[in-house]
Amino acid sequence: MLKPEDNKLLTRVGPGAAMGELLRRFWIPALMEEEVRENDGAPVRLRLLGQDLVAFRDTKGKLGILDAYCPHRRAHLYFGRNEECGLRCVYHGWKFDVHGQCIDIPNASPEVAERLKPNAQIRALQVREWGDVIWAFMGAGEAPKLPQFEFAKVPPSHRFVSKKFQQCNWAQACEGGLDT
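Here goes a summary of the coordinates provided. (Residues numbered from 1 in each chain as written. Predicted model: local features only at pLDDT ≥ 70, side-chain atom pairs only at ≥ 80, totals over all residues. Heavy atoms only, no water.)

1. Points about the layout of surface pockets
Link 1 in the chain: As a volume, the largest pocket reaches approximately 1,400 Å³.
Link 2 in the chain: Sorting the residues of the lining of the largest pocket by element identifies β1 (27-32), β2 (44-48) and α5 (170-179) as the ones contributing at least two each.
Link 3 in the chain: Looking at the lining of the largest pocket, the element that brings in the most residues is β1, giving 6 residues.
Link 4 in the chain: For the lining of the largest pocket, the residue count by class is 21 nonpolar, 6 polar and 3 charged. (1 Å grid on protein atoms, 1.4 Å probe; cavity = no way out; pocket = protein on both sides within 12 Å on 5 of 7 lines; lining within 4 Å. Points joined across faces, edges and corners; volume = space filled by probe spheres on them. Helix = DSSP H or I, 4+ residues; strand = E, 2+ residues; numbered from the N terminus. Nonpolar A, V, L, I, M, F, W, Y, C, P; charged D, E, K, R; others polar.)

This is the structure:
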């Protein structure tokens, strides 16, 4: 049995937590590809390692996972509109591309908007699609190579990808899964 302080060290995965910083060095399975298949489809809300995020596929089919909140007034981008190669915040209409760049500020004059855009960007994760899974890299710097899992190497007709929701921390999920 772990002491409470050791349990906290092992299971806290938010930004700045020791285990959170370790896990951010690796690719994380974020979504199934089928959840964001449609260009300009509805945004998808997700939470990875204690961070609220939003995923979407733009008009050209590019995939993005962004911090969930608009930098202007912190409205959740999940409620935004996915349109014309960007996710538009429902509150004041600021629009962000898959790289987190602010590409439109409709409620400001063109001069003011151009001045604001460089400072209005939001964090975008590095993403890859492989084996019917959307992988996210949450760390800083260059991402490592994707893990070469066998399931991702076989044709789609030979694999089954699913996910389940467990209300527990990552260590409990691993331990419980091995216990069966």
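Continuing now.
2. Things to note about the environment of arginine 159
Link 1 in the chain: Turning to its location among the elements, arginine 159 is positioned in the loop between α4 (150-153) and α5.
Link 2 in the chain: For arginine 159, a relative accessible area of 17% puts it in the buried group.
Link 3 in the chain: Distance from arginine 159 to leucine 146, taken between C-alpha atoms, is 18 Å for residues 13 residues apart in sequence.
Link 4 in the chain: If near-sequence neighbours (up to four positions away) are discounted, arginine 159 is found in contact with Gly131, Asp132, Phe151, Ala152, Lys153 and Val154.
Link 5 in the chain: From its side chain, arginine 159 meets the backbone oxygen of phenylalanine 151 in a polar contact 3.3 Å long. (Buried < 20%, exposed > 50% of the residue type's maximum accessible area, 1.4 Å probe, protein only. Contact = heavy atoms within 4.5 Å. Polar contact = N/O pair within 3.5 Å; in protein donor to acceptor, adjacent residues only side chain to side chain.)

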